[in-house]
Structures are given as C-alpha cells and as structure tokens.
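# Remarks on the overall topology
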Amino acid sequence: MRRLPPLSALRAFEAAARHGSFKEAASELAVTPTAISHQIRTLEEHTGVALFDRQVRKVVLTEAGKALYPVLRDGFNTFELALQRLARPQVPQRVTISTTSAFMAYWLAPRVARFRALHPGIDLELHASDRAVALDGAGADLAIRYGRGEYPGMVAEPLFSDRFAPLASPDLGAASIADLHRLPLIDFRWEYQHPSNPTWERWFAAAGLAADAVRAQLRFSDEAHAIGAVLAGQGVALLSLDLLAAELADGRLVQPFGPAIPGHTYHLVRSAGHAPAPHVEAALAWLRNQAAVPAGLPG
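The following refers to the structure shown. (Residues numbered from 1 in each chain as written. Predicted model: local features only at pLDDT ≥ 70, side-chain atom pairs only at ≥ 80, totals over all residues. Heavy atoms only, no water.)

## Comments concerning helix H10 (residues 278-292)
Look at H10: 21 Å from first C-alpha to last across 15 residues, which is about the 21 Å you get at 1.5 Å a residue. Taken residue by residue, H10 has His-279, Val-280, Ala-282, Ala-283, Leu-284, Trp-286, Leu-287, Gln-290 and Ala-291 as its buried positions. (Helix = DSSP H or I, 4+ residues; strand = E, 2+ residues; numbered from the N terminus. Expected span 1.5 Å × (residues − 1). Buried < 20%, exposed > 50% of the residue type's maximum accessible area, 1.4 Å probe, protein only.)

## Regarding the sheet that holds strand E3 (residues 93-99)
As summarised here, the arrangement of the eight strands in space is E4-E3-E5-E10-E6-E9-E7-E8, forming an open sheet in which the pairing is mixed. Looking along the sheet, the strands with just one partner apiece sit at the ends: strand E4 (122-128) and strand E8 (218-220). Adjacent strand axes in the sheet meet at a mean angle of 25°, parallel and antiparallel pairs treated alike. Contacting E3, E4, strand E5 (142-147), strand E6 (154-167) and strand E10 (261-271), helix H5 (residues 101-108) runs over the sheet at an angle of about 120° to E3. Against the sheet, H10 contacts E3, E4, E5, E6 and E10, and its axis sits at roughly 45° relative to E3. (Pairing = 2+ DSSP bridges. Axes fitted to C-alpha atoms, helices over the stretch in contact; angles between N-to-C directions. Contact = heavy atoms within 4.5 Å.)

## Notes on unusual backbone geometry
Note that the residue after Gly-258, namely Pro-259, is joined by a cis bond; omega there is 0°. Within the secondary structure, Pro-259 sits in the loop between helix H9 (245-249) and E10. Even without being glycine, Ala-30 reaches a positive phi, approximately 60°. Looking at the secondary structure, you find Ala-30 in the loop between helix H2 (22-29) and helix H3 (33-47). Given a relative accessible area of 69%, Ala-30 falls into the exposed group.

## Quick look at the packing of aromatic side chains
Here the structure, examined in full by the defined rule, presents 17 aromatic pairs. By way of ring pairs, the aromatic residues Phe-103, Trp-107, Tyr-146, Phe-160, Phe-164, Phe-188, Trp-190 and Tyr-266 are connected into one cluster. The ring of Trp-107 has Arg-111 lying over it, and the distance from NZ or CZ to the ring centre is 4.0 Å. (Phe/Tyr/Trp six-rings, centres within 6.5 Å; stacked < 30°, edge-to-face > 60°. Lys NZ or Arg CZ within 6 Å of the ring centre and 35° of its normal.)

## Considerations on the nonpolar core
Of all hydrophobic cores here, the largest spans 55 residues; its most connected members are Leu-108 and Leu-287. Among the elements that take part in this core, H10 stands out by supplying seven residues, more than any other. Other than its neighbours up to four places away in sequence, Leu-108 contacts Ile-97, Thr-99, Phe-103, Leu-126, Trp-286 and Leu-287. (Core = buried A, V, L, I, M, F, W, Y, C linked by side-chain atoms within 4.5 Å.)

## Description of the pattern of salt bridges
Overall, the coordinates contain 16 salt bridges when judged by the stated rule. For Arg-41, the salt bridge identified is with Glu-44, shortest N-O distance 3.4 Å. Of this pair, Arg-41 and Glu-44 both sit in helix H3, separated by three residues, roughly a single helical turn. Relative accessible area serves as the criterion here: at 7%, Glu-44 is assigned to the buried category. Residue Arg-252 is joined to Asp-250 by a salt bridge in which the shortest nitrogen-to-oxygen separation is 2.9 Å. Among the residues examined, Arg-252 registers a relative accessible area of 42% and is labelled partly exposed. Residues participating in the shared-partner salt-bridge network are Glu-14, Arg-18 and Glu-28. (Salt bridge = Lys/Arg side-chain N within 4 Å of Asp/Glu carboxyl O.)

## Here we look at the pairing of E6
For E6 and E10, the ladder comprises nine bridges, and the chain directions are antiparallel. Opposite Val-155, over in E10, you have Arg-270 as the bridge partner. Sheet analysis places E6 next to strand E9 (residues 236-240), joined by four bridges and oriented antiparallel. Each bridged residue has a counterpart across the sheet, and for Leu-167 the counterpart in E9 is Ala-237.

## Re a nonpolar patch on the surface
Together, Phe-79, Leu-83 and Leu-86 make up an exposed nonpolar region whose accessible area comes to about 380 Å². Looking at the element boundaries, Phe-79 is found in helix H4 (residues 63-87). (Patch = residues over 30% accessible without salt bridge, like charges linked within 9 Å, V, L, I, M, F, W, Y side chains within 5 Å. Areas by Shrake-Rupley, 256 points an atom, 1.4 Å probe, with all protein chains shown as cover.)

Written out as structure tokens, the structure is:
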C-alpha cells in the first residue's frame, strides 16, 4: 500500500516550485495563498524536511525541494499526456513497405505480427512487386530491394546478403548432383538481368558441370511461384538459403547437395528528400533488428 501525502499537497508544491511564488501558485489552482502555504506545510510534515526557504517577497527551494520538484513535474506531465490521449481518438499511423513477392511471402509477412505487438498504434500496408515503386509516401514509404545497391537519389542500407543452392522437398529423395538427371529442374525469370544473378548457369559452372548438362523443365515468371512449386514437391530449384531458412529449419525443404553460390544483397531503401517520420523510423528500426536475427530463428 502506497504511503503518499494528499494529492492536493503535491499539486500545491509543484505549482509553487514552478512559479517560485505561493501567490502565483494560488492563482493557478484557484485557492488562497494561505491554502497553498498550509498544503506545503502538510507535505513538509509528511517528509520531515523543509522544502522552501521562505523569504520576504519570494520562496526558494531548499536542496530537498530541488530534489523533489523534477520528480513531481515529470509525473504531472505524464498524467496530463495520458489523459489527453484518452480524451481524443487516436488516428493510427501507417507505413507502406514495398518489396519483392518472394521476400514478402517468405521473410516479411511471417514476421509482421511481431511488429504489431511492439507498435500496436502503427498500421502496416505491404506492397508486393518485383518492380520498383516510388518512395514518396504515395507509392510507399520504404522498400526492401534486392540487387547491387545502385539506387540513385535514395538512402540505401544493406540488410543482408544471401546464398543460393539447389533446394527440394525431402519427399523427392534427392541426395547427389547425379539426381538432377532424374528430377525435374525448376527455374524462374529474374526481373532485372545481370551477369551476377544467381542462375543455374552460374551454379553449373561452380559445380564443374557443363551449362547444358541439365535443362530446366519448369520455368516461372515469378520467384515466389517457383518456391511454391518446390515446396509442393514438383522438382529442384536454385533458391535463397537465407530467404527460406525457416523452411529448411523445419524440414519442409532440404539442400541435398552443394555448392552454394552468392546472391545479391537486400537493401532497406527510402527517399533521400526528407527525414523519416517517427512511425516510419520505428519500422526502419524494426526491420534492422529483424535482419540482425540469425537466419531461421525467431526475432
């Protein structure tokens, strides 16, 4: 049970300390200066120390008063803010994040409940597209883009780089490179063509195989659809080990053999034209935190 003095005594002390005057504190609280003096005397009796040095035309805080004043000031400010929030309806802030379809489905979407738990007053709008959208607040506030970090006019910071290797459903029983000759090979089209894209051709070279050693029998225009086909057991695809860390950890996918080749880097991108608003900065900080969590572990 709290042993506190009367709230009226605390209010009288805080007002008198702020104004440096019993008279002005009385005017603010609509009481007489005598009432203020009486309330402060009550507080001094409760604490056992003098809180004011009473001079002819003013009152001055003692050392004990100086120690107590900021505590009460900050406390009353906190009460006021809390009551103001209750008195007016809260308009949720919104952050729009754009990223690729595969990153959305297999990295970002499974984690958004964690963001909501931390920031219930911020709404997320998630935009999935392999094409870049404008980062002007109308298209999106933030983007997670995959590539080499060449984003003119933008602020881009790396989140993480990934690696690609052949992945398959464990039901296929793939165990060695030789199994590529009996299993359907799945491929997908990169939105932006670049020699360093992690393709089957690059993987064949890293594995010491001829580029035409195995031919893809199923090709998708979208990475996320290729991943879905692999999860359904329709074949083997060259996919991101980091993007699919959870599926590898729980056994829905396996990496039956290597090697793994480097991919590109996921970048957190925003407009360079202005500083991010507080709710956007909260989303930025959360994304950085999630990227720092080891692959396959909850963040």
